[in-house]
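Survey of secondary and tertiary structure
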Amino acid sequence: MKSNEFSITFLGVSAASINPFSTTSTCLVEAGNTKIMVDVGIGALRQLHKMHVNPGEIDAVLITHWHFDHYAGLPSLLKSRKRNSLLSVYGPKLSIAARIYLVGLLHSKHACFELVQGNFCKDCGDIHLETVPTVHGIVSFGWVLAERFPREKQGRRRIVVSGDTRPAQTIIDAAKKADLLVHEATYSEKHANEAYNHEHSTVAEAATLASGACVGALALVHIAHQNSKLGALKEAEKIFPQVLAPSPLDRIDIDALPADTNKENGGWGQVRMVKYPIRKKCEIVNHHPGLWCHRK
Ligand SMILES: [Zn+2]
Ligand SMILES: [Zn+2]
């Protein structure tokens, strides 16, 4: 990766109840030489192999919350790394179920688990990390991933990943003018009651939140199987047109603005989606009006 690139690749976008061949919530944020995974769902390791990324190259893992679809791939990721490389895993206090599942790894040479609470922030290589408290029935966090070193005039590029949550003011605050908000959109509007009962968000709620935060673009993930991506896009576009629904292994690049661009805050980046397969010559998808956001 070139030193000025800043991107997120969606290894898995499925919610928990999807078929066994799909990969659940997992993404990889890359900036300069730093690679950070946000959640490690079912099938995450297989997806890394498809990207030709060596698991040993991952610098840190951020867990949004300890529901199975967000951490089930952690043991295979950790065991695929060389024994002498310790991987930092940041996340909320582990649930009992997660402790049982990960019991052999919690004190192993493979990983260092750091439990985060409150307002946690840390620099990790070329990326600055911050937590955002969210609302999901158990302790849960969204994550802000920003360029560690702001450019002189253009500021920092910034991605916010919500994890599973009800719509939260904390996300709006953290995502103000971010380049990209990756927000869960488990249910359509006609299943709004289920979203409320299961502490998830609807597509419309995610879009309303993106609009309120004035983000550059919104990526919808964690869409429940009964709700098609196309349907989700149509529903969201009515509220917030700069919306994307990435498929597994799609990548979103946040391009750096030219050096003479003046901006006071983040959120003015150039956002574009690169469809998988990314190994071939990149196909830039721009048939959709929401795929490009270049605001002045
Ligand atoms: Zn989930
Ligand atoms: Zn969850």
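Everything in this summary refers to the structure shown in the same document. (Residues numbered from 1 in each chain as written. Chains lettered and ligands numbered in written order. Predicted model: local features only at pLDDT ≥ 70, side-chain atom pairs only at ≥ 80, totals over all residues.)

Some remarks on the overall build of the protein
Scanning the protein from N- to C-terminus turns up eight helices and 16 strands. Looking at the protein residue by residue over its 296 residues, the buried ones come to 49%. Residue pairs in contact within the protein that sit at least 24 positions apart in sequence constitute 63% of those at least 6 positions apart. (Helix = DSSP H or I, 4+ residues; strand = E, 2+ residues; numbered from the N terminus. Buried ≥ 20, exposed ≤ 12 C-beta atoms within 10 Å, placed from the backbone. Contact = placed C-beta atoms within 7 Å.)

Examining the sheet that holds strand E12 (residues 217–221)
For sheets, the rule is that strands pair by backbone hydrogen bonds, running either parallel or antiparallel. Here seven strands make up an open sheet; going across it, the order is E7-E8-E9-E10-E11-E12-E13 and the pairing mixed. In this open sheet, the two strands that pair with only one neighbour each are strand E7 (121–124) and strand E13 (243–244). For strand E9 (residues 141–147) and strand E10 (residues 158–161), the ladder comprises four bridges, and the chain directions are antiparallel. When the bridges of E10 are listed, Trp143 appears paired with Val161. (Pairing = 2+ DSSP bridges.)

Some points on helix H8 (residues 229–237)
Buried within H8 we find Ala232, Glu235 and Ala236. An end-on view of H8 places all buried positions within 95° of arc, on one side of the element. Exposed residues on H8 whose side chains face more than 90 degrees from its buried face are Leu230 and Lys234. Looking at the buried positions of H8, the neighbouring elements they touch are helix H7 (203–213), E12 and E13. (Arc of directions from axis to C-beta.)

Things to note about the nonpolar core
Core analysis: the biggest nonpolar cluster contains 83 residues, and Leu180, Leu218 and Leu220 have the highest contact counts within it. No other element matches the seven residues that H7 contributes to this core. Once residues within four sequence positions are removed from consideration, Leu218 is found in contact with Leu181, His183, Ala206, Ala207, Ala210, Ala236, Phe240, Gln242 and Val243. (Core = buried A, V, L, I, M, F, W, Y, C linked by C-beta atoms within 7 Å.)

So, the environment of Val182
With respect to the helices and strands, the residue Val182 is situated in strand E11 (residues 180–184). Once residues within four sequence positions are removed from consideration, Val182 is found in contact with Ile8, Cys27, Ile159, Val160, Val161, Ser162, Ala219 and Val221.

Topic: H7
The buried count for H7 comes to eight of eleven residues, which makes it a mostly enclosed element. Within the sequence span of H7, burial applies to Val203, Ala204, Glu205, Ala206, Ala207, Leu209, Ala210 and Ala213. In this structure, the buried side of H7 is in contact with helix H5 (169–175), E11, E12, H8 and E13. A positive backbone phi angle near 55° is found at Cys214, which sits one or two residues after H7.

Description of the pairing of E11
For E11, the tally of buried residues reaches five of five residues, placing the bulk of the element in the interior. Going residue by residue along E11, you find Leu180, Val182 and Glu184 tucked away on one face and Leu181 and His183 tucked away on the opposite face as well. When E10 meets E11, the two strands line up parallel, connected through three bridges. Looking across to E11, one finds that Ile159 is bridged to Leu180. Handedness of the crossover joining E10 and E11 through H5: right-handed. (Right-handed = clockwise from strand over helix to strand, strands pointing away.)

Here's the deal with the pairing of strand E1 (residues 6–12)
A regular strand carries its side chains on alternate faces of the sheet. Extensive coverage of E1 is indicated by the burial of seven of its seven residues. Summarising the sheet, E1 and strand E2 (residues 26–31) pair through six bridges and their orientation is antiparallel. The residue of E2 that forms the bridge with Phe10 is Cys27. Alignment of E1 against strand E14 (residues 251–255), held across three bridges, turns out to be antiparallel. Following the sheet pairing, Ile8 is matched in E14 by Ile252.

That's the geometry; what it means functionally is another story.
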